[in-house]
Amino acid sequence: MTTSVKNNFLPPGLVSNLQEVLLNRKGGSENDPSKSNDESTQPSSSDAVEANSDTECSKPVVLVTNADGIEAPGLNFLVEALVRDGLYNVHVCAPQSDKSVSGHSVTLRETVAVTSAEINGATAYEVSGTPVDCVSLALSGALFSWSKPLLVISGINRGSSCGHHMFYSGVVAGAREALFCGVPSMSISLNWKKDESQESDFKDAVTVCLPLINAAIRDIEKGVFPKSCLLNIEIPASPLTNKGFKLTKQSLWRSTPSWQAVSTNRHPAGFMSNQQSLGIQLAQLSRDASAAGAARRLTTQRKNVEIVESVGVAGKTDFNRVKKYFRLEFVDKEQEGLDEDLDFRALENGFVAVTPLSLSQHNESDIHTTASEWMNAALQHGEQ
């Protein structure tokens, strides 16, 4: 998608159509003697584009990011719904690949590539960085023409981000970075169940959370949206059969980390098909053979060159160093006796868990009370 300062909010196809229509109208006026020939009264195509741009600029700006990557269905279903309603000026700045467990990491001392992306109705860019990079760049003023959006939405993430997983979560970090910058934000995750969930569940998840998004934007404009916190929204595995929204507190729950020793090819057969494993093993053999050949050639070329070995602290040469490979997986575990108001328990019980997250633990109680009052008022307004 190519953009310019003037046409930043209109797709090129729409600009072209507008120009064609206006040119046809201008030609018709010249052939019709009953119409004025004064071209100064005819609107130019640039005037029409600017008028439409002004209309688009008058809409609340919503920035969407995620952690699963710009092609993830959760993000695309969400953007499609926001664009379809026609109420918002939607911008997207998301990672070009999966960064779902990147936490609040940023990219320093490396160049980040930004590429325009095609998402109908939205101005979109994919970034070769983390969710935090995406939000930080978008809010910096270096990428988009606006100063800041009204709301930042991070999601919809594939998999829950409850409990301690919020510290690992890239999708929560995207919303947290917006909060750092003083912009209201929310992160949204779907409690994806392996072998049970399907892609259409993301579309249902959008249906569930859209009323809360609309209420948030409406109340941000009124100045009554909770400040100094973000809302982390967790949607149950079967979104349309949820038991309602429930304000929750962050739990201490997390999956159990499990480290497994793997072979030197870094791709154990247990994590892939036999064909994939065999292909990788053959590729490894080929690389080993190439490396051995290169070593022999290097030795031949260096026969007359004095070589000094690198010796470690323990007196062992580099050739004696041992290299091992491990792979981390998180294994779900059952939790007993958890408080019903905690995020993980509410989600497992079928509620949409809404957890306000503050940057300071000192005002956590006040933030929780404020968020509770706002959510109750927002949901009552939506039912009317």
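Residues numbered from 1 in each chain as written. Predicted model: local features only at pLDDT ≥ 70, side-chain atom pairs only at ≥ 80, totals over all residues. Heavy atoms only, no water.

A.B. asks: Even after reading the chapter, I still don't get a nonpolar patch on the surface, so can you show me in this structure?
C.D. replies: On the surface, V101, W259, F326, L328 and F330 cluster together into a nonpolar patch covering about 520 Å² of accessible area. Tallying contributions element by element places strand β10 (residues 325–331) first for the nonpolar patch, with three residues. (Patch = residues over 30% accessible without salt bridge, like charges linked within 9 Å, V, L, I, M, F, W, Y side chains within 5 Å. Areas by Shrake-Rupley, 256 points an atom, 1.4 Å probe, with all protein chains shown as cover. Salt bridge = Lys/Arg side-chain N within 4 Å of Asp/Glu carboxyl O. Helix = DSSP H or I, 4+ residues; strand = E, 2+ residues; numbered from the N terminus.)

A.B. asks: Even after reading the chapter, I still don't get the sheet that holds strand β8 (residues 245–247), so can you show me in this structure?
C.D. replies: Strand pairing in a sheet takes place through backbone hydrogen bonds and is either antiparallel or parallel in direction. Pairing in this open sheet of nine strands is mixed, and the strands run β3-β4-β2-β1-β5-β6-β7-β11-β8 from one edge to the other. Either end of the sheet is taken by a strand with one partner, and the two such strands are β3 (114–119) and β8. Adjacent strand axes in the sheet meet at a mean angle of 25 degrees when their direction is disregarded. Where helix α7 (residues 200–222) meets the sheet, it contacts β1 (61–65), β5 (151–158), β6 (185–190), β7 (229–235), β8 and β11 (352–358), and its direction lies at approximately 165 degrees from that of β5. (Pairing = 2+ DSSP bridges. Axes fitted to C-alpha atoms, helices over the stretch in contact; angles between N-to-C directions. Contact = heavy atoms within 4.5 Å.)

A.B. asks: I'm lost on the packing of helix α4 (residues 131–140) against helix α6 (residues 170–180) in this one. Help?
C.D. replies: How two helices sit against one another is set out by the angle between their axes and by the gap between those axes. Viewed as axis vectors pointing N to C, α4 and α6 meet at an angle of 25 degrees, and their least axial separation amounts to 8 Å. Between α4 and α6, the interaxial angle falls into the category roughly parallel. Relative to α6, α4 is oriented so that their crossing is right-handed. Where α4 approaches α6, its residues P131, V132, V135, S136 and L139 are matched on the opposing element by G170, A173, G174, E177 and A178. (Parallel < 35°, antiparallel > 145°, perpendicular 65-115°, else oblique. Left-handed = near helix turned anticlockwise from the far one by under 90°.)

A.B. asks: How should I be thinking about the pattern of salt bridges in this particular structure?
C.D. replies: Close approach of charged atoms lets side chains of opposite charge pair. What the rule picks out here adds up to four salt bridges. Two residues, K193 and E348, come together in a salt bridge whose shortest N-O distance is 3.5 Å. A residue pair is termed long-range when its members are at least 10 positions apart, and K193 in the loop between β6 and α7 and E348 in helix α9 (residues 343–348) qualify at 155 residues. Residue D219 pairs with R218 through a salt bridge whose shortest N-O separation is 3.3 Å. For D219, a relative accessible area of 7% corresponds to the buried category. (Buried < 20%, exposed > 50% of the residue type's maximum accessible area, 1.4 Å probe, protein only.)

A.B. asks: Quick question: what am I supposed to make of the state of the cysteines here?
C.D. replies: In protein chemistry, a disulfide is the covalent bond that joins the sulfur atoms of two cysteines. In the structure shown here, the tally under the stated rule is zero disulfides. C134 takes part in no disulfide bond, and the closest cysteine sulfur, belonging to C93, lies 4.6 Å away. (Disulfide = S-S within 2.5 Å.)

A.B. asks: I tried to follow helix α3 (residues 73–85) on my own but got confused; where do I start?
C.D. replies: A rise of 1.5 Å per residue sets the reference length of α3, with its 13 residues, at 18 Å; its end C-alpha atoms lie 18 Å apart and thus fit the reference within 8%. Taken together, the buried positions of α3 are occupied by G74, L75, F77, L78, V79, A81 and L82. Next to the buried residues of α3 lie β1, β2 (89–95), β3, β4 (122–127), β5 and α7. Positive phi shows up at G86, right after α3, with a value of about 70 degrees. (Expected span 1.5 Å × (residues − 1).)

A.B. asks: What's the story with the pairing of β3 in this structure? I'm lost.
C.D. replies: Consecutive residues of a regular strand have side chains that alternate between opposite faces of the sheet. Bridge analysis of β3 against β4 gives six bridges, and the strand direction is antiparallel. Bridging across to β4, E118 finds its partner in T123. Taken together, β3 and the strand that follows it, β4, pair antiparallel across an intervening segment of two residues, in which G121 is found at a positive phi of about 85 degrees.

A.B. asks: What exactly am I supposed to notice about the environment of T355 here?
C.D. replies: Positionally, T355 belongs in strand β11. Sequence-distant contacts of T355, defined by excluding residues within four places in its chain, comprise M166, L230, L231, N232, T248, K249, Q250 and D343. Within the structure, the side chain of T355 is placed 2.6 Å from the side chain of T248, a separation counted as a polar contact. (Polar contact = N/O pair within 3.5 Å; in protein donor to acceptor, adjacent residues only side chain to side chain.)

A.B. asks: What is the right way to look at the packing of aromatic side chains in this model?
C.D. replies: To describe a pair of aromatic rings, you give the distance between the ring centres and the angle between the ring planes. Within this structure, the stated rule accounts for five aromatic pairs. Look at F144 and W146: their rings are 4.8 Å apart centre to centre, the planes differ by 15 degrees, and that puts the pair in the stacked class. With relative accessibility at 9%, the residue W146 sits in the buried group. One aromatic cluster is present, built from ring pairs that chain together Y125, F144 and W146. The ring centre of W192 lies 3.9 Å from the NZ or CZ of R158, which sits over that ring. Above the face of the F351 ring, K246 is positioned so that its terminal group lies 4.8 Å from the ring centre. (Phe/Tyr/Trp six-rings, centres within 6.5 Å; stacked < 30°, edge-to-face > 60°. Lys NZ or Arg CZ within 6 Å of the ring centre and 35° of its normal.)

A.B. asks: Looking at this structure, how should I read unusual backbone geometry?
C.D. replies: Leaving glycine out, the prevailing phi sign among residues is negative, and the prevailing peptide bond configuration is trans. Put simply, G155 and I156 share a cis peptide bond, and its omega is 10 degrees. Within the element layout of this structure, I156 appears in strand β5. Of note in this structure, D195 is not a glycine but carries a positive phi near 70 degrees.

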